[in-house]
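Structural features, examined
Residue strings, one per chain:
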Amino acid sequence: MKKVISISISILVFVALLFGLNLWLTANENARSGFKGGGNVLNIYNWGDYIDPALISKFTKETGIKVNYETFDSNEAMYTKVKQGGNSYDLVVPSEYMIEKMKSENLLLPIDKKEIPNLKNYGSQFLNQSFDRGNKYTVPYFWGTLGIVYNDKYVKANEIKHWNDLWNKRYRKSILLVDSSRDDLGFSLVSMGQSVNSKSVGTVEAAKAKLDTMMPNVKAILNDEIKMYMVQDE
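Parameters and conventions
- Residues numbered from 1 in each chain as written.
- Predicted model: local features only at pLDDT ≥ 70, side-chain atom pairs only at ≥ 80, totals over all residues.
- Heavy atoms only, no water.
- Buried < 20%, exposed > 50% of the residue type's maximum accessible area, 1.4 Å probe, protein only.
- Helix = DSSP H or I, 4+ residues; strand = E, 2+ residues; numbered from the N terminus.
- Arc of directions from axis to C-beta.
- Phe/Tyr/Trp six-rings, centres within 6.5 Å; stacked < 30°, edge-to-face > 60°.
- Lys NZ or Arg CZ within 6 Å of the ring centre and 35° of its normal.
- Contact = heavy atoms within 4.5 Å.
- Pairing = 2+ DSSP bridges.
- Right-handed = clockwise from strand over helix to strand, strands pointing away.
- Salt bridge = Lys/Arg side-chain N within 4 Å of Asp/Glu carboxyl O.
- Patch = residues over 30% accessible without salt bridge, like charges linked within 9 Å, V, L, I, M, F, W, Y side chains within 5 Å.
- Areas by Shrake-Rupley, 256 points an atom, 1.4 Å probe, with all protein chains shown as cover.
- Lys, Arg positive; Asp, Glu negative; His and termini not counted.
- Charge placed at Lys NZ, Arg CZ, Asp CG, Glu CD.
- Axes fitted to C-alpha atoms, helices over the stretch in contact; angles between N-to-C directions.
- Parallel < 35°, antiparallel > 145°, perpendicular 65-115°, else oblique.
- Left-handed = near helix turned anticlockwise from the far one by under 90°.
- Nonpolar A, V, L, I, M, F, W, Y, C, P; charged D, E, K, R; others polar.

Quick look at helix α5 (residues 96-104) now. Turning to α5, its buried residues number three or more, namely Glu96, Met98, Ile99 and Met102. Down the axis, α5 shows its buried residues gathered within 150° of arc, on one side only.

As structure tokens, then:
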């Protein structure tokens, strides 16, 4: 069972990647036109599990472009590394709220839309978002929802109907949380009937206090490995 509490869009940025992305999406056309690549390199910094390694190998084989691929497990870790410098990334995949922060600090380069003809294939509802009007710096990559996943070996479908059910004492030391303060605080706000975008300091502090009371039920706070533990019946 999943309940939507937010829609987040992860973003592809920087002109070099967008050029590379276009080559990937139009690989057959490039092959027909005789494109062989020129030993170019793309430096990509992305979330774990967002690109199949086999796809990167296929991209290199079809375009001749080498890919240096690194992953991160939180927007904040990514931001810190990019901010510190020393690494020149062609593509970074932050979430929407981090886009605004990176824009304000001049950490993003504008894109050349003439190099991405496939932009016309995007649904209009995913473009021109508030964090990047006119898509000056970004194009959409993923969007998704936050919800509850349960193992039906141990939890019946009718046992969890609301976010508030996660506070039930029957789940002591049996809940895995995603390591995202934004998302975890978000579902606490929703459980209180509040907006995930609340700017009230008192409301946010109350949501944090309520989240603290759920900690006896939390077995671990994890990142991408959370899926592995679920599959292994943890």
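So, on to the packing of aromatic side chains. Scanning all chains against the criterion turns up ten aromatic pairs. Judged by centre distance (4.6 Å) and plane angle (10°), the rings of Tyr45 and Tyr89 are stacked. Of the two residues, Tyr45 is situated in strand β2 (residues 41-47) and Tyr89 in the loop between α4 (75-84) and β4 (91-92); the sequence distance between them amounts to 44 residues. The exposure classification of Tyr45 matches that of Tyr89, with both residues buried. Ring geometry for Tyr141 and Phe142: centres 4.3 Å apart, planes at 5°, overall stacked. Residue classification places Phe142 among the partly exposed positions, given a relative accessible area of 33%. Taken together, the ring pairs in this structure connect Tyr45, Trp47, Tyr50, Phe72, Tyr89, Tyr141 and Phe142 into an aromatic cluster. A cation over a ring is seen here: Lys210 above Trp167, with NZ or CZ 4.7 Å from the ring centre.

What follows is about α4. The complete set of buried residues in α4 reads Asn75, Met78, Tyr79 and Val82. Along the axis of α4, the buried positions cluster into a sector of 100°, meaning they face one direction only. On its buried face, α4 sits against β2, β3 (66-72), β4 and α5. Directly beyond the C-terminal end of α4, a positive phi value near 75° is found at Gly85.

As a further point, take the pairing of β3. Strand residues, when the strand is regular, have side chains that alternate between the two faces of the sheet. The pairing of β2 with β3 spans seven bridges and is parallel. Among the inter-strand pairings, Tyr45 is bridged to a residue of β3, identified as Glu70. In terms of handedness, the path from β2 via helix α3 (residues 53-63) over to β3 forms a crossover that is right-handed.

For the rest of this paragraph, the subject is the pattern of salt bridges. Counted according to the given criterion, the structure contains nine salt bridges. One salt bridge connects Asp212 with Lys208, and the closest N-O pair in it is separated by 2.8 Å. Taken together, the residues Asp212 and Lys208, both in helix α7 (residues 201-213) and four residues apart, mark about one turn of the helix.

This next bit is on a negative patch on the surface. Negative charge collects at one region of the surface, where Asp73, Asp179, Asp224 and Glu225 lie side by side. Along the chain, Asp179 falls in the loop between β6 (175-178) and α6 (181-191). On the basis of relative accessible area, Asp179 is assigned to the partly exposed category, the value being 41%.

Attention now moves to the packing of α4 against α5. The N-to-C vectors of α4 and α5 enclose an angle of 20°; their axes lie 11 Å apart at closest approach. Between α4 and α5, the angle is such that the two are roughly parallel. The two elements α4 and α5 meet at a crossing, and its hand is right-handed. Across from Asn75, Glu76, Met78, Tyr79 and Val82 in α4, the residues of α5 making contact are Tyr97, Met98, Lys101 and Met102. In terms of residue class, the contact of α4 with α5 is made up of six nonpolar, one polar and two charged.

Moving on, we get to unusual backbone geometry. Leave glycine aside and you will find that most residues have negative phi; peptide bonds, for their part, are mostly trans. Even without a glycine there, the phi angle at Asp49 is positive, about 70°. Positionally, Asp49 belongs in the loop between β2 and α3. Taking the relative accessible area as the measure of exposure, Asp49 reaches 57% and is therefore exposed. Residue Lys173 is not a glycine yet carries a positive backbone phi of 55°. Position of Lys173 relative to the elements: it lies in the loop between β5 (138-145) and β6.

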